[in-house]
Each structure stands twice: as C-alpha cells, then as structure tokens.
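Architecture at a glance
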Amino acid sequence: MNRVQSMRKEADFDVIDRISIGFKGEELLKEAVVSMSDYIKEETLAEEIQLTELEVSDFVKTWEIGDTECTISVRRNINS
C-alpha cells in the first residue's frame, strides 16, 4: 500500500481519485496481494487489482520488496 500511495503522489493524482492497480511479481508476493486485496483496494481507493501490468497506465515503477522485485502500474479511473 505504501508503494501505491507513493506512486499516486508521484503521478500527481488527487487524493479522491479512484485508480486501477496492476501488479507483476513473484508468486509469494502475488499471494500476499490476493489475500490482502480488499484491504489494499480500500486503503488506496483502487477499483481493481490485476495480477499483471496494466495495459494502459499513468505511472509504472519497479520496486524491491525484500529480496524480490515487482512492478506496479497505476491508472486514474475516469467517470468513477
């Protein structure tokens, strides 16, 4: 969540903007994202989380989490 919130800020999204999140990473991280998806969506105002990089995104960043890398993409949703 921390990384998504940082990306929202870097992308200059408004605090009330609804977003979509794309996540690409190792299986263990994917499992964590899936198990916490409702909480992540609530805390980041995400309408969806895809377990792949978003086809169309406003901002993409690769992060190191523990000993692994993951790529997170975010898109501001219009008409939400």
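My aim in this report is to walk through the structure given alongside it, one point at a time. (Residues numbered from 1 in each chain as written. Predicted model: local features only at pLDDT ≥ 70, side-chain atom pairs only at ≥ 80, totals over all residues. Heavy atoms only, no water.)

The next point concerns the pattern of salt bridges. Taken as a whole, this structure holds 3 salt bridges when the rule is applied. Asp 17 is paired through a salt bridge with Arg 76; the nearest N and O atoms lie 3.0 Å apart. With Asp 17 in the loop between α1 (2–10) and β1 (19–25) and Arg 76 in strand β4 (residues 68–76), this pair connects stretches of sequence that are 59 residues apart. In this structure Asp 17 comes out as buried when scored by relative accessible area, which is 13%. Residue classification places Arg 76 among the partly exposed positions, given a relative accessible area of 29%. Among the ionic pairs, Glu 48 bridges to Arg 75, the shortest N-O distance being 3.3 Å. (Salt bridge = Lys/Arg side-chain N within 4 Å of Asp/Glu carboxyl O. Helix = DSSP H or I, 4+ residues; strand = E, 2+ residues; numbered from the N terminus. Buried < 20%, exposed > 50% of the residue type's maximum accessible area, 1.4 Å probe, protein only.)

On to the nonpolar core, then. Judged by nonpolar contacts, the single largest core of 16 residues is most densely connected at Ile 19, Ile 21, Ile 72 and Val 74. Listing elements by their share of this core, those giving two or more residues are α1, β1, α2 (27–35), β3 (59–65) and β4. Discounting chain neighbours no more than four positions away, the residues touching Ile 72 are Arg 3, Val 4, Met 7, Ile 21, Gly 22, Phe 23, Phe 59, Val 60, Lys 61 and Trp 63. (Core = buried A, V, L, I, M, F, W, Y, C linked by side-chain atoms within 4.5 Å. Contact = heavy atoms within 4.5 Å.)

Purely spatial values, then, with no claim about function.
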